[in-house]
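Examination of the molecular architecture
Okay, here's what each chain looks like letter by letter:
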Amino acid sequence: MTLDQDLNIVRPDPETCDRLINSDPGLFRRLVEASGMAVSIHDKNLFPIWGNEAYARLWGYSEDRILELEQQMVMPPETVAIYRNEVMPKVCAGQRWEGEYVVRAGDGSLRTVKGWFDPILDESGEVSHVIAIKQDISDIIRTREELGVARKSLNFISKSTSDIFFRLNLKTGLYDYLSPSVERFSGYSVDEYQQHPMLVREIVHPDWHGYFDDIYEELMAGVVRPEYEFQFVHKSGEVHWANQRGILIFDENGEPMAMEGIATDITARKAAEERLRGNEEKYRFLAENISDVVWTVDNNYLLTYATPSMRDLLGYTLEELQGRNIRELVAPGSLAAFDQASERQREADARGDYGFINRMELEHLRKDGTSAWAETVARRLLDGNGRSCGLQGVTRDVSVRREIAAAMAESEARFRTLFEDSPISLWEEDLTRLKAYFDELKASGVTDFRTYFYAHPDALAKCATLVSVVDVNKATLDLLGASSKEDLFGNLDLVLTESSMAAFTEEMILLASGGHEYCGEITHRTLEGETIWVMVHFFVPDEFKDTLSRVIVSLLDVTPRKNAEEALMDSEERYRVLAENSQEGVIVMQAGEVRYVNESMIRITGYTLKEIGLLDFAAMLHPDDRATRSAQLTRLSTDGMNDLIGSFRILTRKGEVKWVNMNVKPIMWGGREAQMLILTDITRYKSLESELLTAHAQMENRVRKRTAELSEANVQLKAEAEERGKAQERIQTLTQQLIRVQEDERQRIARDLHDNVAQDLSSIMLKMETLFDGQDCVAQELSARGASVAEVLRGCIASVREIAYGLRPPALDQLGLVRALQNLSQDAGARYGFEVDFFSTGIDNVSLDFDVEINLYRMVQEAVRNICRHAEASKATVRLIKSHPDILIRIEDNGRGFPMEERLARADQDKRMGLRSMEERARLIGGVMDIQSLPGTGTRVVFKVPFENAKRHE
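The following refers to the structure shown. (Residues numbered from 1 in each chain as written. Predicted model: local features only at pLDDT ≥ 70, side-chain atom pairs only at ≥ 80, totals over all residues. Heavy atoms only, no water.)

**So, the overall build of the chain**
For the chain, the helix and strand inventory stands at 36 helices and 32 strands. A total of 954 residues make up the chain; the buried ones form 39% of that total. Residue pairs at least 24 apart in sequence account for 54% of intrachain contacts in the chain once pairs closer than 6 positions are excluded. On the chain, roughly 53400 Å² of surface is accessible, and the fraction owed to carbon and sulfur atoms is 52%. (Helix = DSSP H or I, 4+ residues; strand = E, 2+ residues; numbered from the N terminus. Buried < 20%, exposed > 50% of the residue type's maximum accessible area, 1.4 Å probe, protein only. Contact = heavy atoms within 4.5 Å. Areas by Shrake-Rupley, 256 points an atom, 1.4 Å probe, with all protein chains shown as cover.)

Structure, rendered in C-alpha cells:
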C-alpha cells in the first residue's frame, strides 16, 4: 500500500485489483451497459446472439425481438453486400474491420452507423465469436453534409461577389483566409498577400497611412469600430475607396488574435456622392441667384406664398397679396390667355397628369397702375398623400425682353427689306459646320490648305456638304431663273459648273487659311440651262468671323461684259458695239497708251475722253486705298499685268467717292496684243452692304446692353437670395431654441410636480390614513369619508406623477432612447389593451445628439398617443433601425385609419397641432415624416433622419 499525499487516497495493490475484478462475473455486462455504446456478440457467421440496451435502441427493437429478425428487414441490400464482401472475409481471417454502413431501424428510417467488428479466437486459433460495437453517426453525417453545402456556398459567394472575406492575423500580419475576389478588388493575388506581411498597409493610399496605423493600434488594444472607410491604390495605379466591417477574435488569454470581416469597393458610390454634392452646389448656386418670382396658390387660385421679388415685379408685398386671386393681377387683354391656361390645367388634372407643365406669357397689372409682361411656368402641387393642394409656379419679368425683341424684329425687318429688295443677287449662308471641319483639319496638323485640298478632293467634296444656304433674295431667283426658293434649293447642283467649282476651291482655301473676303468671276447655269457669267463676292461680318455663322455672298451678272470680251477676240467692230452698250466702263490700252474708251467709263469717272487718255489711274485712287492699290495700278502701264485687281474706291472728276471693281484681260487689238480694263461701278452694292452691317451692329449692341442689364439684375437678386437664406436659417435656429426652452421648462415643471406637489400630496395622504389612529371610537361614516379622501389623494398622486413623467420621462436620461421608447410603447399597450411589437437594431450603442434624442422621443410619443386615442387598434408595431445613411422609425397599427386630407384640414381648423408638430420636429433635425392611412386599413408613420445630423459630435 502507498499513500497519495496530494489526494489523501489509499491506492489499492495489484492483488486487491484482481480480487475486485474477478469477484463479480457480471461486472463486464454491467460495464458494457453503462458505456452507452451499442455492443453486441455474434457467432462466426455474424449472426447476433446478444446485445445490450444501447444496441436495441439503435435498431429500435427489443433485445429478444432483434435476435429473431431476418437480415433483409434490418439491413438494406448495399449493407448486406458490405457484410458479405468486406466484413466476413476480414473477420474469418481473424482481422478487425471498421467502417460505415446504413441500417434500417424499427420505424423504417435509415441510420448511418460506424461499426467495429473484433473476432475472438479459441484455443485452437479459430474464430469462435465476434464482438461488435456500433455508433449512430446519422447526425454527424447530416452535419458533415450541411457543412459541405455551406462550404460550397461560401466558396461560391467568395468567388462570385465583388466583396472580399478575410481573417487577418494581428500577430503575423498575414491573412489566415482571404477570398479569391481580392484580386479583382485590389489587383494583387492571394499568394502575393500571403508572401508579403502587412501588404495591406503598403497599398493603403499614403494620405491614409496615419489613419491605418491608428486603427491597427486600436485593434491590438482590443477596440474595433463599426466600420472603416479609406483610400487604397489598386495595382493598376488607380485610387479606389474601400469600406471595411469586422469583428475581433481573442485568444484564451483575452488578447486580440485576429480580425475577421468583409471589405467592399465603394469607389463608384463615392464618385456618385461627389457628383451629387456637385449637383447640390449647382442647385444652391442657381437658387441663390434666381431673379424670378416663386409663388404658390391653393386649388382656388388664392395666393398663399410669393418670394420678395414679387415687389420688384408688381410692386406688391406678400402681405398685400395674401389670399387674393391671382386672376385679379392679370391685365384685361391677357385674361383670355389666362383662362385657356387654366383649362389646360383642368384637362391635365382630369387625366391624372400631375407632372404637366403649364406655360403662359401674360400682361400683369402693377400696383402703380402700369403694366408688366411676365412669363410664367406652373405645375400642380401635391401634398404628402399625392393629392392636389394647389399650384406652384415661377414668374419672370420679360418686359425688357419683349422691347428688345420688338427692336430686333424691327432691325431684322429692315435688314430683310434691304436684303429682299436689293437688285444684286444676295445669298445668306451659315458655315458653322464648315468652321468646325477646318478646326479639325488644323488640329490634325494641316497648315497648307491649298496643297491639302488639291491632294484630297474628297475633303473638298465634304466641304460642299457642310455649306448651309439660309436665304436668297428675289434678284437671285431672277438671275438663276428659279420660280421659288424651294425650287432653287432643290436644284443647286444644276447651278454649279467647272468654273464654279474652281472658284469654290479658292473660297475654301481662303476661309481655311483665315481669310474673310473673296472676289472673282465664275460661270453659273440658270435652271433653264443657260450659262451666265457672274462676279462673286463674299464677306464675313466682323461679329461672325470667329464662328462663320453668317456669310453674305453677292452675285453680279457680268454676262454682257463677258460677251463683249469674247466679241473683241473675234471682231473689233463687233466689240465696239457691245462695249458701247455695256453698263461697265471699258478702256483698251496698248503699249501704255489708251486706244479705246466707252461711254460708261466716262460716265463712271466723270472725266472726258481726252482727260482719260492722259490720266494716271493711281491718281484716281481714294487716299485711304492708295497704300494697298497704288502699286497694282502703276504696273498697268509698265509690265502688261493681266489680272483681277479687285474692288477699291476712286475719286471722280467732281470729287465723288465711288466703289469700283477692276478687271484686266488680254485681247488682240489691231492684230497686236493689248489690255482691256473693265471698271464696274459697285457703289450701290457697297452702300447696301454698309446698311446691312449697320443693322447687324445695332442688333448686337442691343443684345450686349440687355446682357449687361441682366447681369446687374442677377447680382442684385443674388444678394437678396443670400439675405433670404440667412433669414430662413435664423427662423430655424429660433425654432430649435424655442423647442429646447420648451423641453427645459417641461423638465423644470416635471421636477417641481414630482419633488414638491407629489411629495406634499403624499404627506397629506399619509396624514389622512393615520388621522384616526389612537382614537378609540370613530364614527363609521367619518372613517369612510377619511378613507375616500385618502383614495382620491392616492389617484391624484398617480396623476401628478404621470403628468411629470409625460413632461420629462426619466427613462430617457437613465436608460437611453431605445429603452425609453420600449417602455413608452409597452406601457401604452398595457393601458389601452393592444399588443405592441417593439424592435430596434443598430441604435443601442450610438450616441445621439440631445436635441435629436428628445425630438425623436416626442415624435414617437405623439404617434403612440394617437394610436391610444383614435386608432381602436388591437396591435401596433414600433421599429427603430439604423440603416446607413439614415435612422428609420416606423410606427404602424391595424386600427381604423383615417382620410389624410380631411383630417389635416380639420386639424388646422380645430387648431390641433399633433401631426404638424411631428412634421416640424422631423424637419428641424434634418429629417422627413411620411404618413400613410386610409379608412379601415390602419396607419403607418415613418420618420427618416440622416445619421450624420443625429449623432453626437464631440
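**Details of the pattern of salt bridges**
Taken as a whole and judged by the stated rule, the model has 30 salt bridges. Close ionic contact of Arg225 with Glu218 constitutes a salt bridge, the shortest N to O distance being 2.8 Å. Glu343 is paired through a salt bridge with Arg346; the nearest N and O atoms lie 2.8 Å apart. Separated by three residues within a single helix, Glu343 and Arg346 lie in helix 15 (residues 335-350), roughly one turn from each other. Glu343 gets classed as partly exposed once you look at its relative accessible area, which sits at 35%. Taking relative accessible area as the criterion, Arg346 reaches 47% and is therefore assigned partly exposed. (Salt bridge = Lys/Arg side-chain N within 4 Å of Asp/Glu carboxyl O.)

**Section: empty space enclosed by the protein**
Under the counting rule described, the total for this entry stands at five cavities of 30 Å³ or more. The volume enclosed by the largest cavity comes to roughly 280 Å³. If you trace the largest cavity, you find 22 residues lining it, with Trp295, Ile326, His364, Thr376 and Thr395 closest to the centre. The set of elements that each furnish at least two residues to the lining of the largest cavity consists of strand 13 (293-297), helix 13 (309-314), helix 15, strand 15 (358-365), strand 16 (371-382) and strand 17 (388-397). (1 Å grid on protein atoms, 1.4 Å probe; cavity = no way out; pocket = protein on both sides within 12 Å on 5 of 7 lines; lining within 4 Å. Points joined across faces, edges and corners; volume = space filled by probe spheres on them.)

**Structural notes on the sheet that holds strand 19 (residues 468-472)**
Taken in spatial order, the five strands make up an open sheet running 19-18-22-21-20, and their pairing is antiparallel. Each having just a single partner strand, strand 19 and strand 20 (517-525) make up the two edges of the open sheet. When the angles between neighbouring strand axes are averaged without regard to direction, this sheet yields 30°. The sheet contact formed by strand 21 (residues 531-539) and strand 22 (residues 551-557) spans six bridges and is antiparallel. Among the inter-strand pairings, Val534 is bridged to a residue of strand 22, identified as Asp557. Against the sheet, helix 23 (residues 498-512) touches strand 20 and strand 21, its axis set at about 160° to strand 20. (Pairing = 2+ DSSP bridges. Axes fitted to C-alpha atoms, helices over the stretch in contact; angles between N-to-C directions.)

**Re the side chain of Ser425**
Topologically, Ser425 is positioned in strand 18 (residues 425-430). Reaching out from Ser425, the side chain makes a polar contact with the side chain of Trp427 at a distance of 3.2 Å. The residues touching Ser425, leaving out its near neighbours within four places in the chain, are Asn473, Ala475, Thr476, Leu479, Val553, Ser554 and Leu555. (Polar contact = N/O pair within 3.5 Å; in protein donor to acceptor, adjacent residues only side chain to side chain.)

**Regarding the packing of aromatic side chains**
Throughout the structure, instances matching the rule amount to 16 aromatic pairs. Measuring from ring centre to ring centre gives 6.2 Å for Phe166 and Tyr175, while their planes differ by 90°; the resulting arrangement is edge-to-face. Here the two residues Phe166 and Tyr175 agree in accessibility, since each one is buried. Geometrically, the ring pair formed by Tyr188 and Tyr193 is edge-to-face, given 6.3 Å between the ring centres and 80° between the ring planes. Judged by relative accessible area, Tyr188 falls into the buried class, the value being 19%. For Tyr193, a relative accessible area of 4% corresponds to the buried category. In this structure an aromatic cluster arises from ring pairing among Tyr83, Trp97, Tyr101 and Phe117. The ring centre of Tyr316 lies 5.4 Å from the NZ or CZ of Arg324, which sits over that ring. Directly above the aromatic system of Trp659 lies the positively charged group of Lys686, at a separation of 4.5 Å from the ring centroid. (Phe/Tyr/Trp six-rings, centres within 6.5 Å; stacked < 30°, edge-to-face > 60°. Lys NZ or Arg CZ within 6 Å of the ring centre and 35° of its normal.)

**Concerning the environment of Pro226**
As for its placement among the helices and strands, Pro226 is situated in the loop between helix 11 (209-220) and strand 10 (228-233). Judged by its relative accessible area of 73%, Pro226 falls in the exposed class. Sequence separation of Pro226 and Gly842 is 616 residues, and the distance between their C-alpha atoms is 9.9 Å.

**Structural notes on the sheet that holds strand 3 (residues 38-43)**
Spatial ordering of the open sheet is given by 4-3-7-6-5, a layout of five strands whose pairing is antiparallel. Either end of the sheet is taken by a strand with one partner, and the two such strands are strand 4 (48-51) and strand 5 (97-104). Between one strand axis and the next, the sheet turns through 30° on average, direction left out of account. Pairing analysis gives three bridges linking strand 3 to strand 4, with the strands arranged antiparallel. When the sheet's bridge partners are listed, Ser40 is paired in strand 4 with Gly51.

**Quick look at the environment of Val800**
Structurally, Val800 is set in helix 30 (residues 780-807). Residue class for Val800 comes out buried when judged on its relative accessible area of 11%. The spacing of Val800 and Leu761 is 39 residues in sequence and 9.4 Å in space, taken between C-alpha atoms. In contact with Val800, other than residues within four places in its own chain, are Leu753, Val757, Ala758 and Leu761.

**What about the environment of Phe212?**
Along the polypeptide, Phe212 turns up in helix 11. A sequence separation of 12 residues divides Phe212 from Val200, and the C-alpha atoms of the two residues are 9.5 Å apart. Ignoring any residue separated from it by four or fewer positions in sequence, one finds Phe212 in contact with Met198, Val200, Arg201 and Val204.

**Some points on the packing of helix 32 (residues 817-832) against helix 33 (residues 850-871)**
Geometry of a packed helix pair, given as the angle between the helix axes and the separation of the axes. Relative to each other, helix 32 and helix 33 sit at 10°, their axes nearing to 11 Å. Regarding the angle of helix 32 to helix 33, the classification is roughly parallel. Two secondary-structure elements touch here, helix 32 through Leu817, Ala820, Leu821, Leu824, Ser825, Ala828 and Tyr832 and helix 33 through Glu853, Leu856, Tyr857, Val860, Gln861, Val864 and Cys868. Residues of the contact of helix 32 with helix 33, tallied by class, amount to 11 nonpolar, two polar and one charged. (Parallel < 35°, antiparallel > 145°, perpendicular 65-115°, else oblique. Nonpolar A, V, L, I, M, F, W, Y, C, P; charged D, E, K, R; others polar.)

**Overview of helix 32**
Here helix 32 contains 16 residues, and its C-alpha end-to-end distance of 22 Å stays within 8% of the 22 Å for a straight helix at 1.5 Å per residue. Buried within helix 32 are the following residues: Leu817, Val818, Ala820, Leu821, Leu824, Ser825, Ala828 and Gly829. A positive backbone phi angle near 75° is found at Gly833, which sits one or two residues after helix 32. (Expected span 1.5 Å × (residues − 1).)

**Description of the packing of helix 17 (residues 432-443) against helix 23**
Taken N-terminus to C-terminus, the directions of helix 17 and helix 23 make an angle of 65°; their axes are 10 Å apart at the nearest point. In this view, helix 17 runs roughly perpendicular relative to helix 23, as classed from their interaxial angle. Relative to helix 23, the crossing made by helix 17 is right-handed. Residues Leu434, Phe438 and Lys442 of helix 17 touch helix 23, and the partners they reach there are Met508, Leu511 and Ala512. Residue classes in the contact of helix 17 with helix 23 are distributed as five nonpolar, no polar and one charged. (Left-handed = near helix turned anticlockwise from the far one by under 90°.)

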